[in-house]
Amino acid sequence: MLITFEGIDGSGKSTQISLLKDKLTSVGKTVRVFREPGGTQISEEIRELLLNTEFHIDSVTELLLFSSARSQLMSEEVLPALEKGEVVILDRFYDSTTAYQGYGRKSLPLNQIQQINSIASHGRTPDFTFYLRLSLDESNHRRAHLSKDRMERAGDEFFANVIKGFDDLAEQEERFIVIEASQSIEVIHESIVKRLSSKLL
Ligand code: ADP
Ligand code: TYD
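In what follows, the accompanying structure is described. As the structure is a computational prediction, the values presented were derived from the model and not from experiment.

### Overview of the packing of aromatic side chains
Then, in step 1: In total, this model carries 8 aromatic pairs according to the counting rule given.
Then, in step 2: Summarising the aromatic geometry, the rings of Tyr131 and Phe166 are spaced 5.3 Å apart at their centres and angled 35 degrees between planes, so their arrangement reads as tilted. Residue Tyr131 is located in strand S4 (residues 128–133), and its partner Phe166 is located in helix H7 (residues 156–172); the two are separated by 35 residues in the primary sequence. The residues Tyr131 and Phe166 share a single accessibility class, namely buried.
Then, in step 3: A connected cluster of aromatic rings, assembled from ring pairs, spans Tyr100, Tyr131, Phe158, Phe159, Phe166 and Phe176.
Then, in step 4: In this structure, Arg143 packs its charged tip against the face of Phe159, placed 5.9 Å from the ring centre.

### Some points on the sheet that holds strand S2 (residues 31–35)
Then, in step 1: Across the sheet, which stays open at both edges, the 5 strands sit in the order S2-S3-S1-S4-S5 with parallel pairing between neighbours. The open sheet is flanked by S2 and strand S5 (176–180), the only strands paired with a single partner. Ignoring strand direction, the axes of neighbouring strands in this sheet form an average angle of 20 degrees.
Then, in step 2: Here S4 pairs with S5 via 5 bridges, running parallel. Each residue of the ladder has a partner; that of Phe130, found in S5, is Ile177.
Then, in step 3: Taken strand by strand, helix H3 (residues 59–83) contacts strand S1 (2–6), S2 and strand S3 (87–91), and its axis lies near 160 degrees from that of S2.
Then, in step 4: The sheet strands contacting H7 are S1, S4 and S5, and the helix crosses S4 at an angle near 140 degrees.

So, how was this worked out
Residues numbered from 1 in each chain as written. Chains lettered and ligands numbered in written order. Predicted model: local features only at pLDDT ≥ 70, side-chain atom pairs only at ≥ 80, totals over all residues. Heavy atoms only, no water. Phe/Tyr/Trp six-rings, centres within 6.5 Å; stacked < 30°, edge-to-face > 60°. Helix = DSSP H or I, 4+ residues; strand = E, 2+ residues; numbered from the N terminus. Buried < 20%, exposed > 50% of the residue type's maximum accessible area, 1.4 Å probe, protein only. Lys NZ or Arg CZ within 6 Å of the ring centre and 35° of its normal. Pairing = 2+ DSSP bridges. Axes fitted to C-alpha atoms, helices over the stretch in contact; angles between N-to-C directions. Contact = heavy atoms within 4.5 Å.

Without other data, these values stay purely geometric and don't point to any function.
In structure tokens:
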């Protein structure tokens, strides 16, 4: 089973993934967690390029680099793990590309981005996507003390468009489960577990 977590920076994805991993492991599942971009040596190198504040990266190049990192992760780790029947949890997947490179950067028309997403994911779609929905103000507040990577320096208008992207996807895609990320960590965890209980617990 492939479970993905989406949402803007600071929405609580890593926190919830860690809790979910512990829960599923405690009931005997083998769980693999990867972050995007990253998760393989090549993908982590691409991540360094993408988040490095020294570079100015052309928006189509950026789109293709995120997609390249994803393709490598799929072939090296995700697809083999799914083949073995393991649960794979991804901290971001191609919906982030639609939201950030499509709605945020507007690097290419959305239908072309969808085609690239399909190629980069080797045709695999998530079984469940948890979208942790957070306002821009709250995201900025949670991350106020952190230094900003290249993507996070994009500014408020960019992030407002990214949120619109995730909101549109949530309306279009049945696999999306929207969770208000301003709730407490425990309440969010419980609703995630509840949504998965009939399938995995
Ligand atoms: P992401 O992986 O989406 O960037 P994190 O899980 O790293 O988000 O969380 C960002 C920050 O917000 C961390 O300091 C974390 O402790 C805090 N946080 C996570 N979930 C919540 C929550 N439900 N309420 C308040 N703060 C939270
Ligand atoms: P990361 O620190 O992993 O995200 P978070 O702050 O949510 O923990 O940084 C990854 C950044 O890359 C984040 O700003 C979102 C962005 N991104 C894209 O723009 N497109 C993509 O396809 C992916 C996977 C991430």
